[in-house]
Amino acid sequence: TLGLNDDQVNNYMCAQRAHQNNVEFTSVFMPLFLVAGAIPGETTNIAWAGLSILGFRMVGGLGYAAGLRKYSGFFHIGELYILWKLGKYAFDLLK
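Just so it is clear, the structure is predicted and the values come from calculations on it, not from any experiment. (Residues numbered from 1 in each chain as written. Predicted model: local features only at pLDDT ≥ 70, side-chain atom pairs only at ≥ 80, totals over all residues. Heavy atoms only, no water.)

Visitor: Just to check I follow, could you spell out the overall build of the protein for this structure?
Guide: Counting its regular elements, the protein contains three helices and zero strands. Listed by position from the N terminus, the elements making up the protein come as α-α-α. In terms of C-alpha radius of gyration, the protein reaches 17 Å, well past the compact-globule figure of 12 Å for 95 residues. The dimensions of the protein, computed from C-alpha atoms along their principal axes, are 60 × 20 × 15 Å. Counting the 95 residues in the protein, one finds 22% classified as buried. Within the protein, contacts between residues at least 6 apart in sequence are counted, and of these 75% link residues at least 24 apart. Here the protein displays about 6900 Å² of accessible surface, and carbon together with sulfur accounts for 67% of that area. Side chains of the protein give 7 positive and 6 negative charges; the mean places of these two sets differ by 8 Å. (Helix = DSSP H or I, 4+ residues; strand = E, 2+ residues; numbered from the N terminus. Rg over C-alpha atoms; globule rule 2.2 N^0.38 Å. Buried < 20%, exposed > 50% of the residue type's maximum accessible area, 1.4 Å probe, protein only. Contact = heavy atoms within 4.5 Å. Areas by Shrake-Rupley, 256 points an atom, 1.4 Å probe, with all protein chains shown as cover. Lys, Arg positive; Asp, Glu negative; His and termini not counted. Charge placed at Lys NZ, Arg CZ, Asp CG, Glu CD.)

Structural data, given as structure tokens:
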């Protein structure tokens, strides 16, 4: 055994869950983000949305590892913007 106390085990588990959540999110989001970056005339806006996602994911991950889960969901703002732009572009292509 490692001789960890309950607080150390809890801190480890929180950090591990934050990491796993980030790995799962990134595996789905990065391909969408790359495709969205290719939308003509939207590259800068998509990049800013991606930067906001990165920042909020970092704050959320560190907060989750520290037991402050209430700050973990703000990354969805940039995510929804990118998904909206992708959907709008796809719809425009189908017209």
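Moving on, there is more to tell.
Visitor: Which parts of the structure should I look at to understand the confidence of the model for the protein?
Guide: Predicted coordinates in regions of low pLDDT should not be interpreted in detail. Of the residues in the protein, 98% reach a pLDDT of 70 or more, and the chain-wide mean stands at 88. Across the protein, the element-wise mean pLDDT spans from 88 in helix 1 (residues 6–36) up to 94 in helix 3 (residues 76–94). (pLDDT = per-residue confidence, 0-100.)

Visitor: It is not clear to me how the packing of aromatic side chains should be interpreted in this structure. Could you clarify?
Guide: The description of an aromatic ring pair uses the distance of the two centres, along with the angle that the planes make with each other. Here the structure, examined in full by the defined rule, presents five aromatic pairs. Between F25 and F75, the aromatic rings sit 5.0 Å apart at their centres with planes inclined by 75 degrees, giving edge-to-face as the arrangement. Of the two residues, F25 is situated in helix 1 and F75 in the loop between helix 2 (43–65) and helix 3; the sequence distance between them amounts to 50 residues. Of the two residues, F25 and F75, both sit in the buried class. Considering the side-chain rings of F29 and F33, the 5.6 Å spacing of their centres and the 20 degrees angle between planes classify their relative orientation as stacked. (Phe/Tyr/Trp six-rings, centres within 6.5 Å; stacked < 30°, edge-to-face > 60°.)

Visitor: I keep staring at the layout of surface pockets and nothing clicks. Help me out?
Guide: Empty pockets left among the atoms are what a rolling probe the size of a water molecule brings to light. By volume, the largest pocket is sized at about 460 Å³. Lining the largest pocket are 27 residues, and of these A18, N21, N22, R57 and G61 lie nearest its centre. Put simply, the parts of the chain that give the lining of the largest pocket at least two residues each are helix 1 and helix 2. For the lining of the largest pocket, the element with the highest residue contribution is helix 2, accounting for twelve residues. By residue class, the composition of the lining of the largest pocket is 15 nonpolar, nine polar and three charged. (1 Å grid on protein atoms, 1.4 Å probe; cavity = no way out; pocket = protein on both sides within 12 Å on 5 of 7 lines; lining within 4 Å. Points joined across faces, edges and corners; volume = space filled by probe spheres on them. Nonpolar A, V, L, I, M, F, W, Y, C, P; charged D, E, K, R; others polar.)

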